Each structure stands twice: as C-alpha cells, then as structure tokens.
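Secondary and tertiary structure notes
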Amino acid sequence: MTQLQKSPQPLSELLPEPSTPSGAAPPEKEASPGWRGDLSASVVVFLLAVPLSLGVALATGAPLQAGLVAAAVGGIVAGLLGGAPLQVTGAATGLLVVTADLVQRYGWRATCAITVLAGLTQLALGALRVARAALAVSPAIVHGMLAGIGVTIAVGQLHVVLGGSPDGSAVDNVAALPGQLAQPHTTALLIGAVAVAVLVGWPRLPGRAGRRARLLPAPLAAVLAATAVSAGATVPRVTLPSWRLPEPPVLPGGPLATLVTVVLTVTLVASMESLLSAVAVDRLAAERPGASPQRPRLNRELAGQGLANVVSGLLGGLPVSGGAIRGSANVRAGATTRRATVLHGVWVVLCAGLLAGVLELIPLAALAALVLVVGVRMVSFAHLRHVQRHREFPVYAATLGAVVVFGVLPGVLAGIAVGVFLALRRLTHTRVQVTEESGRHRVRVSGQLTFLAVPRLTWALAQVPPGADAVVELCGSFMDHAAYEALQCWTAAHRGDGGQVTLVGRSGRPIAEPTDSHACRPWTPWRNHHCTRPAPTHTAAHEGAGQLLGGVSAFQRHTAPLVREELARLAREGQRPTQLFLTCADSRLVTSMITSSGPGDLFTVRNVGNLMPPPGSDTSCDSVSAAVEYAVEVLRVESITVCGHSGCGAMAALLGSAAAPPLADEATPLARWLRHGRPSLARLARIGRLGRGEVAFAERPVADDQERLALVNVRQQLDHLRAHPCVARRMAEGSLSLHGMYFHVAEAQAYLLDEPTGRFRAVRADAPAVGA
C-alpha cells in the first residue's frame, strides 16, 4: 500500500486522504496503553519544538517569546480540543512568510489582532463543517504553495546565516544575495554551517551509537552543537524579555478590504497546513504494528486550531497550525493519545519560566540555519516527480513562482487559475483519427468526449464505409450524454447496414455497451441482479428457474459477444490456470468477484467448509484429492489458496457437534463429510480462546468462536495439503506456494494469512498485486 515517507520532512509528506461522506468522521477512539509512551513522546516533541519555535519567531521578526507562547498554547489548547489527537500544534512554519510581512507592515500588536480574527474565522468554518472541502484542493497547488514558502524562507534565512538581515521580499533577497556572499560574517557563517551539518548528518549516524544518539532530535542536537561552537564568540544571541502581561491586540489601520485579505490568507494557510498535516500524521500512525486506523475529526480539528489561534493572539503569540515535523516526531516517539501533545505544551511553559537563562545562550545564526533547512526541505523533489507524472507541473510551477514573487494568497489563486485552465483544455482537447488496417477501420478517440467534440466525432465516423468492420477505440476517461447518444446512434445504424462495430478501451480490451434493459455485468459491481428476476406475477415454483433463465438470456445478449473470442482461444489452447483456489460452497462466496478473475484464471474447488481431507483418510472422499493432484501435477499451478469465510454453516455445525460423542457410522453424507473438520475443532480446543499465537487478526479482535474456528480451519487445511505427496514434492522444488485467506462477507473484506505469526491481515484497496 502507499506508504508515507519515513524521513520527517516539513509538510512535504502531505497527501490528502479520500474523504468520508458528509465530511463527518467516526467518534474518536483513543488507545490508552499507559502514560509511559505519551510521557517519553512529549519530551521528544518538547525538545524539538523549543528551538523550532524560537527559529520561526526570529525569522518573522516577532518577539522570541511569541514562539514559546505559540508552542505552549498550541500544545495545550489544540491538544485538548482538536480532532487529531496525535497532531502537535505550534508556531506555523507555513505562515512564516505571511507573518513576517504582517509584522513589518502593521507591527506586532496588529499582527496579534489578525491572528485572533483568523482564529475566529477558523472557528466559524469548523462550525459550518467545511473542513473536508479544504482537501479538495489539488495536491499540486498545496505542494507548490509549500515549496514557494520554503524557497522564500530559505533565501531570507541564508542572509541571517551569512551575518546580514533579510529584506522584505524573496525577489529582493535574491537580488541582494551576491553582495551578501561577497562579505559574509565569518563567525555567524561557521555557526550556521555547523548547525546545518548536524541537522543533515544526525539522522545518518551509523551503528549502535548512532541509533542511541538519534534518540535526541536533530534540531536540538544542531542547536547544542552550534551553541558549543559559539562559546566565547561575540555573536547575536537569543534575548527573552522578562515575562509580563501581554499588551492587548489592536486592529491594523487601512482599508477594510486589505484587512479581510490578510485575515483570509492567514486562515487559508493555517487551515490547509493543519488539515493536511492531520491526515499525514493519521496515516503515519496507522502504519504502526497493531494500530487500528482511525480517521481524524477534521471539523473538530479546524475548530480546535481556531481556538488556539484566538488564545495565542490574545497572549501575544505567533499564529499556530499543526505541523508534519512535530506530528511525525510525536508518532515515531510512541505517542498513543492526546496526552503527549498536552504534556509537551506543559514542558514548554516550564522551560520558558525556569530555563530562560539557558535559552539565551543560543546564537541567532543557529536558529536561522535551523529554519533555513526547514525551508529547503519544504521543496519536496519526490512530490515534484509525482506532480510531473500526473501532468500537473504547470500548476505546481505557477503556484510556486507566484508565492515567491507576489505572496501566498495570490500564489494559491494563480495555481487555481492555471489548474482550471488545464482542466478546461483537457476537457475540450479531443483528437479523433480514422485509419484503415487490413480492411478494418479504426476510429481512435484521444481525450474526453464532450458535446464540444461531437462534430469531430460524427465527421470521423462518417469516414467509415457502410457495412465495414470498425473498431472504435476510446482512450479517454469521460463521455457526456451528447457524445454517448451520437456514438450509440451511429453504432446502431452501422450495424443495421450489415457492418460490425467493436468498442474497445485504452488497453485494447472490449468494453460493455450500457443498455436500458439490463445493466448487470459479470466481474463488475452489481446489486442483487434485480433486472434478471422474474415478474412478481410468476409463481414461487417457477421463480428460481425464471431468474436463472433471465440471467442466462442476459449473458447471451450482452456478455457472450464480448467474451466469445476469448473463450474460443481458451477452447483451442486448453486451460492454463496458475492458481488453485479451494473454498467453501457457500453461495455468497463469489470467487470471480473476490479475486477479480475471469475464465481460465483460477482452477476452483468448492466444498462444504473448504475442507481438504488428509491423504488416506477416506477413499470415499478422493474427489478433492483428485482435483488437487490434477491441478498440481497436470495443470502445474504455481500456488494454492485455502479460503474460509464468515458465517460458515460448516463451522457452526462443527461447533454444535463438539459436545456430542463421535459416532462410528454417521447417519448422513453431510455428517460423514464434516468428520474431516474435526482436526480443526480439536486444534481450536488445544489453542484455546486466546489463540496462543496461532490465529488472530492484525487489525481487530476475533469476533466469536465461529470466526475463530474458521481461521483455525484455514491453517489446518493448509497442513493437510502439505501432507499430500504431490504438494510436498512441488513445495520442496520451490515451484509451489500455499496461502491462507479469510473473507468477511458482511464487510466485503479479504484477509491474507501471515503463517509465521498466525495473523490474518486485511488486504487494502491500494495494496500492490501479489501472486497469492
């Protein structure tokens, strides 16, 4: 499945997750394994947050204590009230450029007022439940915005590392950079170089000593090393004024439209950064062994971030947002509940009150180097390749360039405008080509088929002679009603003239043609096949036959013409399946649907209870053994899968007969067949209800004894398979593999067995293909 990058990168790991209906999330369920993991994680995040908060405050031109206020408020307020328990809120890295501009333009007290107004706007948006809508913004725009902010941060802080001071805009900073490089401040440059070297090299320390050293966050190690190098040197250092009650914020002067614009800018960037970071941190937490994936409550998170911004602005702190740096460090340090986030805020308060003298030893060049590296890492080359692969580089480049030149909000608007332009261009840019190949006319449609393309489509179709054999290749992913009607009318007319028409997709495979009479298709999603059921006037005695006949008739009308060529090939060449699938005869278990397979793919054996009698157990049960031998020796399949399922009647019967003494001669064929399930029943009794490490789900507990027996039965039947000589020989050769599988019918969820651990792991929708 898609993995989140393992190296912590500020906000470059953010990938929007598919939204849930109505923007709501399930009620929050927090694990509570104890205080130990949360306590250690809170210390790690605290050690990371303090230097980062001071660096952001330095880069914005705000009082340095404003960064500590933001860290404390973000940890305590957003930690207690937010909807993403493992996300850590603090001084917003993504707002650094915006905040610096506000401080320079309006002053610090007015910036605090803008922070309060942005927080109130976030509270209103959270109450309106629009948080999920923020995730609809194109990833190219989000990453372009973050990359533009990162470039602006890096260029500005490079001046500080070189001993100078940044200008108001990124363009001015780039223009002044050659002169600054010509006359650097040697001591400040040395301090900054040490900090950068430690930041970059700390995660790569080798050996056991390196692993122990990496328990200390890299930013803290960099600041400590730079502080040690600067000992005795006369360089600018952190200055924390004595703590006093903050002055009340004041509204900035100027036009109301300008005030609304800056408030919306802070709201937009802080909200996007927080929401996308919450999704990223949630994904990272879901990757931990034994974790049960939970979705963050994004509307509550947005409201929590708004309240934190209101409090931070009133107390003289920086604007806050959730961040991937702090959040990923929190998860990797072992945090399991929101206690870690809240405790980290408490430690920041204690540090600001008790360790102010220690903080004042830190050179400003070290903090500038720290923020410089943060800015560089916000330009994610991995996401740049991802954007390029999806043909959205113009959106990314436009957003990045506009953010650097004009600012964040104009940059986002520019990215949206370019994205809309590209979408319209792709929607209207359709190519239709007609070629003749060996007497067959091919009409190839590249792009989306909308009403705007209908004239070109009808002109191209008119080039096909009446009665000719035609192939229409649709390479787009969208067709509107006007194009559909035009294509259907021409197809019907061409076939009426004696011609043949085949519709194929981009892969060259035939595609189904929807009709009004019957919309069900084999190997595609369906619902109860209502269209093939007999009319209510039919009697119950004929209802089953009528439904069966209706389904067969629908197959002959719609599916047979599409699969006749493939079935003819299979008839000529014979069957060559690569897998044997042994499963239950339950009518709800549709193997072709579960495995997305078609004719010739699987050699399927079905029986009551997916049982595999061991060799020599009963000569009257040779049917299953014969099928296995044929598949292994004649068809030479490469894998065998034993698949159990939920609600299995055979497992229920076995559990019901557990208390009854075995009979020498069972009364019915079914009872005699179920004897082969008794080893599974005995194995269940041996391992007990807890499974003793033999059977369990990786993501959830086993529901009941019937489900536990079904899981045990899968393992037992795999053991029976290994006892067959033909299977044992092929496995010894390394040309045959065995797999266990469990399908939960009500959840439509398949689980694969990891035999060394005995755990059944859910197959995810984005899991890579495996040869199981």
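Residues numbered from 1 in each chain as written. Predicted model: local features only at pLDDT ≥ 70, side-chain atom pairs only at ≥ 80, totals over all residues. Heavy atoms only, no water.

**Comments concerning the nonpolar core**
- Core analysis: the largest hydrophobic core is formed by 71 residues, its most contacted members being Val50, Leu54, Leu68, Ile149, Leu318, Leu359 and Val408.
- Per-element accounting of this core gives the leading share, 10 residues, to helix H2 (residues 64-81).
- Ignoring sequence-local partners within four residues, the contact set of Leu359 consists of Val50, Leu54, Leu68, Val238, Leu240 and Cys351.
- Grouped together as the second largest cluster of nonpolar side chains are 53 residues, Ala627, Leu674, Val702 and Met741 included. (Core = buried A, V, L, I, M, F, W, Y, C linked by side-chain atoms within 4.5 Å. Buried < 20%, exposed > 50% of the residue type's maximum accessible area, 1.4 Å probe, protein only. Helix = DSSP H or I, 4+ residues; strand = E, 2+ residues; numbered from the N terminus. Contact = heavy atoms within 4.5 Å.)

**Side note on the pattern of salt bridges**
- Tallied over the entire structure, the rule returns 16 salt bridges.
- Across the pair Asp719 and Arg683 runs a salt bridge, and its minimum N-O distance is 2.8 Å. Of the two residues, Asp719 sits in helix H28 (residues 705-722) while Arg683 sits in helix H27 (residues 678-687), which places them 36 residues apart along the sequence.
- The exposure class assigned to Asp719 is partly exposed, which follows from its relative accessible area of 33%.
- Given a relative accessible area of 9%, Arg683 falls into the buried group.
- Within the structure, one salt-bridge network assembled from shared partners comprises Glu437, Arg442, Arg444 and Glu473. (Salt bridge = Lys/Arg side-chain N within 4 Å of Asp/Glu carboxyl O.)

**Focus on the packing of helix H1 (residues 35-60) against helix H13 (residues 324-332)**
- Where H1 meets H13, the axes come as close as 8 Å, and the angle between the chain directions of the two elements is 160°. Judged on the interaxial angle alone, H13 and H1 are roughly antiparallel. Remark: the crossing between H1 and H13 carries right-handed chirality. Residues Ala41, Val45, Leu48, Ala49 and Leu52 of H1 form the contact with H13, whose participating residues are Ile325, Arg326, Ala329 and Asn330.
- Residue composition of the contact of H1 with H13, by class: seven nonpolar, one polar and one charged. (Axes fitted to C-alpha atoms, helices over the stretch in contact; angles between N-to-C directions. Parallel < 35°, antiparallel > 145°, perpendicular 65-115°, else oblique. Left-handed = near helix turned anticlockwise from the far one by under 90°. Nonpolar A, V, L, I, M, F, W, Y, C, P; charged D, E, K, R; others polar.)

**Concerning the environment of Val311**
- For Val311, the location among the structural elements is in helix H12 (residues 298-314).
- Considered as a pair, Val311 and Ala70 are 241 residues apart in the sequence and their alpha carbons are 9.0 Å apart.
- Setting aside residues up to four positions removed in sequence, Val311 forms contacts with Val73 and Val77.

**Considerations on the sheet that holds strand S9 (residues 639-645)**
- Taken in spatial order, the seven strands make up an open sheet running S8-S7-S9-S11-S12-S13-S10, and their pairing is mixed. If you trace the sheet from one side to the other, it starts and ends with strand S8 (602-607) and strand S10 (696-697), each paired once.
- Here strand S11 (residues 737-744) pairs with strand S12 (residues 749-754) via four bridges, running antiparallel. When the sheet's bridge partners are listed, Phe743 is paired in S12 with Ala750.
- Across the sheet, H28 is in contact with S9, S10, S11, S12 and strand S13 (759-762); its angle to S11 comes to roughly 160°. (Pairing = 2+ DSSP bridges.)

**Some details on the pairing of S12**
- From the end of S11 to the start of S12, which pair antiparallel, there are four residues, and Ala748 there has a positive phi angle of about 50°.
- Two elements, S12 and S13, share four bridges in a ladder whose sense is antiparallel. Looking across to S13, one finds that Tyr751 is bridged to Ala762.
- As consecutive antiparallel partners, S12 and S13 are separated by four residues, and within that stretch Gly758 has a phi angle of approximately 75°, a positive value.

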